[in-house]
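Working through the structure, step by step
For reference, the chains in residue letters:
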Amino acid sequence: MSIGIRPLGSRVLIKKLDAEEKTAGGIILTSSAKEAPQIAEVMAVGAGTEDEKMELAVGDKVVFSKYAGTEVKYDGEEYTILNQKDVLAIVE
């Protein structure tokens, strides 16, 4: 499935998952109280480089650095493009 954005080199395109609507104790959070999620789904990956091979695949759920990447709006959706090295872990 192509979404129209193809990252270059060792970059990946992610879509953040929705923030939690309520706390574990049942308190419903307003939009200003919600913390931005740091878990996302990989939507597209670059080919990698000679120095850094691509370790991620489309569909992986990942944890990424809080202030990493560049946010992009495309076709009504919000995405983030970031370097593969800014991905901290794959969620299994």
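Preceding this section is the structure that the text describes.
Residues numbered from 1 in each chain as written. Predicted model: local features only at pLDDT ≥ 70, side-chain atom pairs only at ≥ 80, totals over all residues. Heavy atoms only, no water.

Some words on the overall build of the protein
Note the threshold: Secondary structure counts use DSSP, requiring at least four H or I residues in a row for a helix and at least two E residues in a row for a strand, with both numbered from the N terminus. Burial classification: accessible surface area is computed with a 1.4 Å probe over protein chains only, and a residue below 20% of its type maximum counts as buried, one above 50% as exposed, and the rest as partly exposed. In what follows, residue pairs with any heavy atoms lying within 4.5 Å of each other are defined as contacts. For the accessible areas, the method is Shrake-Rupley and the probe is 1.4 Å, while residue cover comes only from the protein chains on display.
Across its full length, the protein carries 0 helices and 6 strands. Put simply, the protein runs from its N terminus to its C terminus through helices and strands in the order β-β-β-β-β-β. Residues classed as buried in the protein amount to 27% of the 92 residues present. Within the protein, residue pairs in contact and separated by at least 24 positions form 63% of the contacts whose partners lie at least 6 positions apart. Split by element, the accessible area of the protein, about 6500 Å² in all, is 49% carbon and sulfur.

Side note on the pairing of strand S4 (residues 70-74)
Just so we agree on the cut-off: The criterion for strand pairing is that DSSP finds at least two bridges linking the strands in question.
By the bridge criterion, 5 bridges tie S4 to strand S5 (residues 77-83) in an arrangement that is antiparallel. Bridge pairing in S5 places Tyr 74 opposite Glu 77. The turn linking S4 back onto S5 is made up of 2 residues, and Asp 75 within it adopts a positive phi angle of 55 degrees.

A look at the pattern of salt bridges
Spelled out, the test is: Salt bridge, as applied in this entry: a Lys or Arg side-chain nitrogen positioned within 4 Å of an Asp or Glu carboxyl oxygen.
All chains considered together, the criterion is met by 4 salt bridges. Here Lys 16 and Glu 71 are joined by a salt bridge, their closest N and O atoms 3.1 Å apart. Placement of Lys 16 in strand S1 (residues 11-16) and of Glu 71 in strand S4 is noted, with a sequence separation of 55 residues between them. The class of Glu 71 is exposed, set by a relative accessible area of 57%. Among the salt bridges present, the one from Lys 61 reaches Glu 41, with a minimum N-O distance of 3.7 Å. In this pair, Lys 61 is assigned in strand S3 (residues 61-64) and Glu 41 in strand S2 (residues 39-45), connecting sequence segments 20 residues apart. Classification of Lys 61 as partly exposed rests on a relative accessible area of 32%.

Examining the nonpolar core
Threshold: Throughout this description, the term nonpolar core refers to a set of buried Ala, Val, Leu, Ile, Met, Phe, Trp, Tyr and Cys residues connected via side-chain atoms within 4.5 Å.
The biggest cluster of nonpolar side chains holds 10 residues, and these are Val 12, Ile 14, Ala 40, Val 42, Met 54, Leu 56, Val 62, Phe 64, Leu 82 and Val 87. Elements with a minimum of two residues in this core: S1, S2 and S3. In terms of nonpolar packing, the next biggest core, distinct from the first, is built from 6 residues, Ile 5, Met 43, Ala 44 and Tyr 79 among them.

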